[in-house]
Amino acid sequence: MNKSIKKITPENLTLSTIALTLITALSGCGSDAPGAITPTPSPYEQPQAQQESYSLLKQNGTIWMNQQDQKVSLRGINLGNWLAMEMWMLEMSDNPLGENIPDQYSLEAKLSERFGETEKERLMTVFRDNWITENDWDVIKDSGFNLVRIPFLYSLLEDDNNPKTLKADAWYYLDWAIAEAKKRELYVILDLHGAAGRQGLEQHTGREGQNQLWENEEYRDRTVWLWQQIAAKYQDEAAIAGYGLLNEPWGTDAETLKDFSIELYQAVREVDNNHIVILPGHNSGGIEAYGDPFDSGMSNVAFEIHQYPGIFGWGEIGYEVHRDWLTCGENGATGVCDWAKQARDVYTPLLVGELQPWTGLGELGGPITRATFDTFNDLNWAATAWSYKTTSPAGGLGNGQWGLVTNNGDQLLAKAETWSCNDWQSTFAEACSGPAKSTTPYSGEGSKTMYLVIKTGAFNGSDVIYDDIKLTHDASGEDILLNGNFGSNSGWTELSLWGDPRSYDFNYNAGAFAGSDTGAALRITSAAGNHSLIYQPVQVEGGQSYTLSGKFKDNGAGGNDMWAEIYLVPDMPQEWVDVQGRSLASIDVNSSSKEEIESYFAAFGTMDYIINDYVVDAMTAEQAPEIFTNIPGKPADLALTVSEDAISLSWSASEGSVDGYKVYRSTASRSGFEVIGETTGTGYNDTITSGDTTYYYYVAAFNDIDLGYGSEIAASGPSFFSIPGLIEAENYTSAHPGVQTESSGDNGGGSNIGHFEIDRWVDYDVKIDSAGEYTVEYRLATVPGSDGFSLLIGDEVLDTVTVPATGGWQDYITVTSTVTLPEGEHTIRLNSNGQEWNLNWIKFSKN
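In short, a report on the structure. This structure is a prediction, so every number in the text was calculated from the model and none was measured. (Residues numbered from 1 in each chain as written. Predicted model: local features only at pLDDT ≥ 70, side-chain atom pairs only at ≥ 80, totals over all residues. Heavy atoms only, no water.)

When you go through the protein chain residue by residue, the secondary structure sums to 13 helices and 42 strands. The C-alpha radius of gyration computed for the protein chain amounts to 28 Å, which stays within 12% of the reference 29 Å derived for 847 residues, consistent with globular compactness. Seen through its principal axes, the protein chain has C-alpha atoms that stretch 80 × 80 × 55 Å. Expressed as a percentage of contacts within the protein chain between residues at least 6 apart in sequence, the contacts between residues at least 24 apart total 74%. On the protein chain, roughly 32,800 Å² of surface is accessible, and the fraction owed to carbon and sulfur atoms is 45%. Taken as two groups, the 51 positive and 119 negative side-chain charges of the protein chain have centres that lie 5 Å from each other. (Helix = DSSP H or I, 4+ residues; strand = E, 2+ residues; numbered from the N terminus. Rg over C-alpha atoms; globule rule 2.2 N^0.38 Å. Contact = heavy atoms within 4.5 Å. Areas by Shrake-Rupley, 256 points an atom, 1.4 Å probe, with all protein chains shown as cover. Lys, Arg positive; Asp, Glu negative; His and termini not counted. Charge placed at Lys NZ, Arg CZ, Asp CG, Glu CD.)

What follows is the structure, encoded as structure tokens:
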């Protein structure tokens, strides 16, 4: 592990440009709470992060404050997968430890079944002693953090076989963690990640599919008892920033959650009046159900929310989604501004207990992470990123793993996948899921035969193009690969791994892509699910470094779940045997020996780790990054002139610092846009023949720091949706600024729209062929259920739809109604009567 991490040496606090922008924006947001944010001098001391006095924390309005009445800027990280295991953090796959081991409960049950209770406990101790070690606390401190959230399961403390009885070693790991934190003047949050009976269906509760806490009085009583034991134990411990009562309680409604949280609060207060109690506010309904905690007799409290821009259907990973979140969106009222207003209205601090601001972002992850923590702290929020450590079979940082640290690995040379960057087109050096870099594949003496592997697959049909591939010896500049420019299959061997037959065209005329036209290319296609590879042997010299170069392109339709990976491995590939480039051992808890399992667990304490230096460098820098501080204005007056062989664009210049404009085009009105060019002027000529196709365009200004919001979208032809017909939800004509487009998990992939609240709306311009009665089908999803929406033309309500709970945000059902529509061109509006529902498409059929 890299221990040469710079320690932060800050000076006095100055508000960032982002903070000043936010304060100005927030001062215009209405609030009924006292002390609404205004740009006036602070009445209390505000040292820079990690320069505050280290003492017991307390609530002061919306502020986390210490005993010296200083505002404390809490920026931290989670110790995920330590005292509450989540199997995906060991390996991003369905069954990293074997079939039917989705969670910690099933892991412990299988270990007990095979080896007995005593050996199970010993093996779990081996894992815990090695997943987090003393050195990890040094890395956390040296990475610029001052807060650690510690997720744990109730069964760490309570003997499940003897309810309301503490285990003999109940406090060992929490005591150790608190002691390590105190040595480094770090705060900790004790987070009950899984309660008795479990508070939801998710695996991170410790046992997926249960969710029995809410209907079982015994389980609730045991949770009350457990928090009293914790509070009694740690009532005088100043290192504890707060008690996180319950993580992500998705298994109930907001009112039930509020009532039980108050009960837990009261139980804590019977023995501990010192510590901040953190109320779960990320359940559906957010913090609204609570109101001001003071009105319910609660004081010295905070609310916890979890925010994952770019992940879990919230837009796409990239610059734009974080810009929108941190700078309050185009209208200045969404994103953090919305949540800051909610916090002020209830006069209570916020903890963003989970966020992930660096995964998939590569070098950009550093400044975005720092900007995220700076913005949160300027708003008086505490925050803990998820998570400190993850591992993967191949290892390596790639374009940014979920873990700040991860296991090292050099066999995977480059990778792209539709989950990280749908419709990718790049050089290997810019690959979105794992950019190519120099690697030393063999550290021994002499030369060694290794195998360069190009692996391609998809769950719904593959279509990937490769070209201009080289494996260059860095010292000599010699390319040791044969026929990387293709034109034939010479030098390459094909193998199947699974799935439908595939086609390899080694002489495909790909034309220009990823910046150049390099002649004949390799195109790999399959009609349906497929996984295959080609490889060739190469000779590498011991201790010498090599760099992979080349380019590839996702040529498939959206949502086909496709991947492309290039490896350099020591063993010759075999038919039907996957090449994974593993640097992490593999076990199956169902069949591996006790010794193999123990060795696997113990290896986490000694394996070679690497740290995301982009994040660490940004977090420990004296100067904050400039990102999101120089966003140029939005171009206005976009107009199109359509001719026989071109479409010309013109627009008015943007305000602010502008280096140029990016031009985007799509054949759908609200999705699928790609950059087709850049210009320094206020016009662009797209040499394309439109024919009967309507093209959609927008432009956005950029400079060397930031990218501005896009102009209004302009169409080259008719943009009405025909009825009867199907309307993709994301292709709306206009919408309330709070409505967001996100990746859909429905059949066929694509996108959906969501983030609906009461009176948010979306419009579609339609052309109805004939008046009469129509069947309308709405493709909808929601977790809690919703009062849904009304369908209107003008002021006339044609239909009102409620949305039942569907089981997941991307678990869709079709709701059918009958409506009477007039003939002609109209604007159909969906006006939200409730909140928290997603729409994938609408279909109208004439009766």
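Before going further, it helps to examine empty space enclosed by the protein. Applying the stated criterion across every chain yields a total of four cavities of 30 Å³ or more. In this model, the largest cavity occupies a volume close to 40 Å³. Forming the walls of the largest cavity are 10 residues, and the residues nearest its centre are T62, A340, A343, L379 and W381. Here the lining of the largest cavity takes three residues from helix α9 (residues 336–345), the largest share from any one element. (1 Å grid on protein atoms, 1.4 Å probe; cavity = no way out; pocket = protein on both sides within 12 Å on 5 of 7 lines; lining within 4 Å. Points joined across faces, edges and corners; volume = space filled by probe spheres on them.)

Our focus in this paragraph is the sheet that holds strand β6 (residues 240–244). Pairing is parallel in the closed barrel, where eight strands are placed in the order β3-β4-β5-β6-β7-β8-β9-β10. Sheet twist, expressed as the average angle between the axes of neighbouring strands with direction ignored, equals 25°. Two elements, strand β7 (residues 277–280) and strand β8 (residues 301–306), share four bridges in a ladder whose sense is parallel. Each bridged residue has a counterpart across the sheet, and for V277 the counterpart in β8 is V301. (Pairing = 2+ DSSP bridges. Axes fitted to C-alpha atoms, helices over the stretch in contact; angles between N-to-C directions.)

Turning our eyes to something else, we now look at the packing of helix α10 (residues 365–378) against helix α13 (residues 613–620). α13 packs onto α10 with a crossing angle of 40° between their chain directions and a minimal axis gap of 7 Å. In terms of orientation, α10 lies oblique with respect to α13. As α10 packs across α13, the resulting crossing turns out to be right-handed. Across the interface between the two elements, G365, G366, P367, T369, R370 and F373 of α10 pack against Y614, V615, A618 and M619 of α13. Residues of the contact of α10 with α13, tallied by class, amount to six nonpolar, three polar and one charged. (Parallel < 35°, antiparallel > 145°, perpendicular 65-115°, else oblique. Left-handed = near helix turned anticlockwise from the far one by under 90°. Nonpolar A, V, L, I, M, F, W, Y, C, P; charged D, E, K, R; others polar.)

Structurally, N530 can be placed in strand β20 (residues 530–541). At 3.4 Å, the side chain of N530 forms a polar contact with the side chain of S532. Setting aside its immediate chain neighbours within four residues, N530 contacts T456, G457, A458, S462, W498, G499, D500, P501, R502 and W563. (Polar contact = N/O pair within 3.5 Å; in protein donor to acceptor, adjacent residues only side chain to side chain.)

Moving on to α10. Between the first and last C-alpha of α10 there are 20 Å, a value that for 14 residues agrees with the 20 Å anticipated at 1.5 Å per step. Once α10 finishes, N380 follows within two positions and takes phi at roughly 75°, a positive value. (Expected span 1.5 Å × (residues − 1).)

Before going further, it helps to examine the nonpolar core. Counting residues in each nonpolar core, the largest one holds 120 residues, and the members touching the most others are I230 and W381. Every residue in contact with W381, bar those within four places of it in the chain, is listed here: W64, L74, W325, V336, W339, A340, L350, V352 and F376. Judged by nonpolar contacts, the second largest core, of 36 residues, contains W492, Y504, Y546 and F552. (Core = buried A, V, L, I, M, F, W, Y, C linked by side-chain atoms within 4.5 Å. Buried < 20%, exposed > 50% of the residue type's maximum accessible area, 1.4 Å probe, protein only.)

Going through the model one piece at a time under the given rule, you end up with 43 aromatic pairs. Seen in terms of ring centroids, Y600 and F601 are 5.9 Å apart; in terms of plane orientation they differ by 50°. Their pairing is tilted. Exposure remark for Y600: the relative accessible area of 4% places this residue in the buried category. When the ring centre of W131 is taken as origin, the NZ or CZ atom of K389, which lies over that ring, is 5.1 Å away. (Phe/Tyr/Trp six-rings, centres within 6.5 Å; stacked < 30°, edge-to-face > 60°. Lys NZ or Arg CZ within 6 Å of the ring centre and 35° of its normal.)

Inspection of the secondary structure puts T606 in the loop between α12 (594–603) and β23 (609–611). In this structure T606 comes out as exposed when scored by relative accessible area, which is 69%. Once the C-alpha coordinates of T606 and A429 are considered, the two residues, 177 residues apart in sequence, prove to be 30 Å apart.

On to the packing of helix α2 (residues 104–115) against helix α3 (residues 117–131). α3 packs onto α2 with a crossing angle of 130° between their chain directions and a minimal axis gap of 7 Å. One way to sum up the angle between α2 and α3 is to call them oblique. Between α2 and α3 lies a crossing of right-handed hand. Between α2 and α3, the residues in contact are Q104, L107, E108, L111, S112 and F115 and E117, E119, K120, L123, M124 and R128, respectively. Among the residues making up the contact of α2 with α3, the classes are represented as five nonpolar, two polar and five charged.

For the rest of this paragraph, the subject is the pattern of salt bridges. Summed over all chains, the structure comprises 41 salt bridges. Of the charged contacts, one joins E565 and K415 as a salt bridge, the two residues approaching to 3.8 Å between their closest N and O atoms. Here E565, found in strand β22 (residues 562–569), pairs with K415, found in strand β12 (residues 412–417); they are 150 residues apart in sequence, far enough to count as distant. Each member of the pair E565 and K415 is classed as buried. Ionic pairing is found between K470 and D468, a salt bridge with its closest N-O pair at 2.8 Å. On the accessibility criterion, K470 (30% relative accessible area) is partly exposed. Its relative accessible area of 24% is what places D468 among the partly exposed residues. Shared partners join several salt bridges into a network, and the residues in it are E108, E117, K120, E121 and K167. (Salt bridge = Lys/Arg side-chain N within 4 Å of Asp/Glu carboxyl O.)

On to the pairing of strand β3 (residues 75–78). Here β3 shows a buried face lined by R75 and I77 and a second buried face lined by G76 and N78. Note that β3 and strand β10 (residues 382–385) share three bridges and pair parallel. Considered in β10, the bridge of G76 is made with T384. In the sheet, β3 pairs with strand β4 (residues 147–153) via three bridges, with the strands oriented parallel. Bridged to N78 within β4 is R149.

Taken as a whole and judged by the stated rule, the model has two disulfides. The disulfide partner of C328 is C337, and the S-S distance across this bridge is 2.0 Å. For the disulfide bridge between C328 and C337, the dihedral angle about the S-S bond is near 70°, and by the sign convention the bridge is right-handed. Across the pair, C337 and C328 agree in class, each one buried. Disulfide partner of C421: C432, at an S-S distance of 1.6 Å. Of the two residues, C421 sits in helix α11 (residues 418–421) while C432 sits in the loop between β13 (425–427) and β14 (438–439), which places them 11 residues apart along the sequence. The buried category is assigned to C421, whose relative accessible area is 16%. (Disulfide = S-S within 2.5 Å.)

Paired through backbone hydrogen bonds, the strands of a sheet run either parallel or antiparallel to each other. If you trace the five strands from one edge of the open sheet to the other, you get β12-β22-β15-β20-β17, paired in antiparallel fashion. Unpaired on one side and paired on the other, β12 and β17 (493–499) mark the two borders of the sheet. This sheet shows a mean twist of 15° between the axes of neighbouring strands, independent of strand direction. Here eight bridges tie strand β15 (residues 447–458) to β22, and the two strands are oriented antiparallel to one another. When the bridges of β22 are listed, A458 appears paired with M562.

So, to be careful, I would describe these as geometric facts and stop short of saying anything about function.
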